[in-house]
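# Coordinates in review
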Amino acid sequence: MTLEFEKFKKLANKFASISLQLGDEWLIKTAKRAGTENTYLEKRIIKPCDKEPQNASNFDECSDDLEFSSPEYTVFVYHIIYSESYSVPVLWFTAHHSNGKLLSLEELWKIIPNCFKNNDSDTKWNMLTQQEHPILGIPYFTVHPCYTSDLLSACCSKNYIISWLSAIGPVAGLTLSLEYAKYI
């Protein structure tokens, strides 16, 4: 299943409205690029870093192999943008430590749940890709959208963004509150 851009905009606005009700802070943004107005969703999350990591799979931990002193927190910025090529929503994100240093792919890979991993080192680049953000024009990571239409086809939902983000978000360290289930 694919979505037309107008349907994506309606679902994105509804998702932002639900998020506001739940206090989850997803915002609708608009920006013009190359004469085209783009509508997308944005969320910023600040996550504290453990000073002494105990479990490398814990999402709230940060790498200790930084050149600077251990960061106190990590800032994640998530965008949900409509892909003209795939006609589906795509999750874009970036993350940086409190000292301004961007997270590397290896650091990001540590936040991905084990169920999305296998022993093939190339998988990291098949699932997560760093590309130029289609609106901002700066490097962001993206969760590849090639199977999104199949995922949306399997959903029976009033808001496909909620269902899709529930499945795709954990790949980027993002989870939705169970309260969103009331609106599926």
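Not measured: the values here are computed from a predicted model. (Residues numbered from 1 in each chain as written. Predicted model: local features only at pLDDT ≥ 70, side-chain atom pairs only at ≥ 80, totals over all residues. Heavy atoms only, no water.)

What follows is about the sheet that holds strand β1 (residues 27–33). Two orientations exist for strands paired in a sheet by backbone hydrogen bonds: parallel and antiparallel. Taken in spatial order, the six strands line up as β1-β2-β3-β4-β6-β5 in an open sheet, and their pairing is antiparallel. Edge positions in the sheet fall to β1 and β5 (128–132), since each has one partner strand and no second. When strand polarity is set aside, the average angle formed by the axes of neighbouring strands in this sheet is 35°. For strand β2 (residues 36–48) and strand β3 (residues 73–83), the ladder comprises nine bridges, and the chain directions are antiparallel. Within β3, the position partnered with I45 by the bridge is F76. (Pairing = 2+ DSSP bridges. Helix = DSSP H or I, 4+ residues; strand = E, 2+ residues; numbered from the N terminus. Axes fitted to C-alpha atoms, helices over the stretch in contact; angles between N-to-C directions.)

Its place among the elements puts T129 in strand β5. Owing to a relative accessible area of 17%, T129 belongs among the buried residues under this scheme. Discounting residues that sit within four places of it in the chain, T129 has contacts with Y140, F141, T142 and H144. (Buried < 20%, exposed > 50% of the residue type's maximum accessible area, 1.4 Å probe, protein only. Contact = heavy atoms within 4.5 Å.)

Should their charged atoms come close, side chains of opposite charge can pair. In total, this model carries five salt bridges according to the counting rule given. With its nearest N and O atoms 3.6 Å apart, the salt bridge here joins E42 to K29. With E42 in strand β2 and K29 in strand β1, this residue pair connects regions lying 13 residues apart in the sequence. When its relative accessible area of 30% is taken as the criterion, K29 is described as partly exposed. Across the pair R44 and E42 runs a salt bridge, and its minimum N-O distance is 3.5 Å. Through salt bridges that share partners, K29, E42 and R44 make up one connected network. (Salt bridge = Lys/Arg side-chain N within 4 Å of Asp/Glu carboxyl O.)

With 18 residues, helix α1 (residues 5–22) should reach 26 Å at 1.5 Å per residue; the first-to-last C-alpha distance of 25 Å fits that figure. Looking one or two residues beyond α1, the residue adopting positive phi is G23, at roughly 70°. (Expected span 1.5 Å × (residues − 1).)

A word on the pairing of β5. Residues in a regular strand project their side chains so that they alternate between the two faces of the sheet. In this structure, β5 lies alongside strand β6 (residues 139–143), joined through five bridges in antiparallel fashion. Residue pairing in the sheet places T129 in a bridge with T142 of β6. Where β5 hands over to β6, the hairpin turn is made up of six residues, of which G137 adopts a positive phi near 75°.

Bringing the confidence of the model for the chain into the picture now. Chain-level pLDDT for the chain is 82 on average; 80% of the residues reach the 70-or-more range. Overall, residues 52–61 carries pLDDT values under 50, and its contacts beyond four positions in sequence, including any with other chains, amount to 18 contacts. Below a pLDDT of 50 lies the segment residues 63–68, which in the model reaches eleven contacts outside its immediate sequence neighbourhood of four places, other chains included. (pLDDT = per-residue confidence, 0-100.)

In this structure, A16 sits in helix α1. Taking the relative accessible area as the measure of exposure, A16 reaches 10% and is therefore buried. When sequence neighbours within four positions are dropped, the list of residues in contact with A16 reads W26, I28 and L41.

A few words now on the environment of Y180. Positionally, Y180 belongs in the segment after α5 (160–168). C-alpha of Y180 to C-alpha of I162: the two residues are 18 residues apart in sequence and 7.0 Å apart in space. Ignoring anything within four residues of it in the chain, the contact list for Y180 reads F15, I18, S19, L22, D24, W26 and I162.

Now for unusual backbone geometry. Positive phi, normally seen in glycine, also occurs at E25, with a value near 65°. In this structure, E25 sits in the loop between α1 and β1. At S87, a position not held by glycine, the phi torsion is positive, near 55°. Mapped onto the fold, S87 is located in the loop between β3 and β4 (88–97).

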